[in-house]
Amino acid sequence: MAAPGGAPARPAAAGHPLVVYLPADREELLRRLDERNRREDANALTVTPEALDDFFARFDPPAVDEEVVVYTGDLDTLVRALTEARRS
């Protein structure tokens, strides 16, 4: 099958989405936001504590029946989980 303009069509890319959940409590996120909000570079989007509270009020952590990798602070375990997910 040809793509528009007569070019050969490329096969569809295969992939499998995977969510990596990085749990953090509100106090830790506030600490990180305070640090980031002091920066003045292009990635320093200011987020207020009120905006964080709004997000927290609407956020549901992944459920046990969802396909998700939870990062617990152990990098080796995370890498193993990602490697295993890639193989499946």
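Look a little higher up for the structure.
Quick summary incoming for the structure in this document. For clarity, every value in this text was computed on a predicted model and none was experimentally measured.

Time to look at the pattern of salt bridges. With the rule as written, the count across this model stands at seven salt bridges. Here Arg32 ties to Glu28 by a salt bridge, and the two come within 2.8 Å at their closest N and O atoms. In this pair, Arg32 and Glu28 both sit in helix H1 (residues 26-37), four residues apart, roughly one turn of the helix. We classify Arg32 as partly exposed; its relative accessible area is 44%. Between Asp54 and Arg58 there is a salt bridge whose closest N-O contact spans 2.8 Å. Taken together, the positions of Asp54 and Arg58, both in helix H2 (residues 49-58) and four residues apart, correspond to about one turn of that helix. Since its relative accessible area comes to 41%, Asp54 is described here as partly exposed.

Conventions used here
Residues numbered from 1 in each chain as written. Predicted model: local features only at pLDDT ≥ 70, side-chain atom pairs only at ≥ 80, totals over all residues. Heavy atoms only, no water. Salt bridge = Lys/Arg side-chain N within 4 Å of Asp/Glu carboxyl O. Helix = DSSP H or I, 4+ residues; strand = E, 2+ residues; numbered from the N terminus. Buried < 20%, exposed > 50% of the residue type's maximum accessible area, 1.4 Å probe, protein only.

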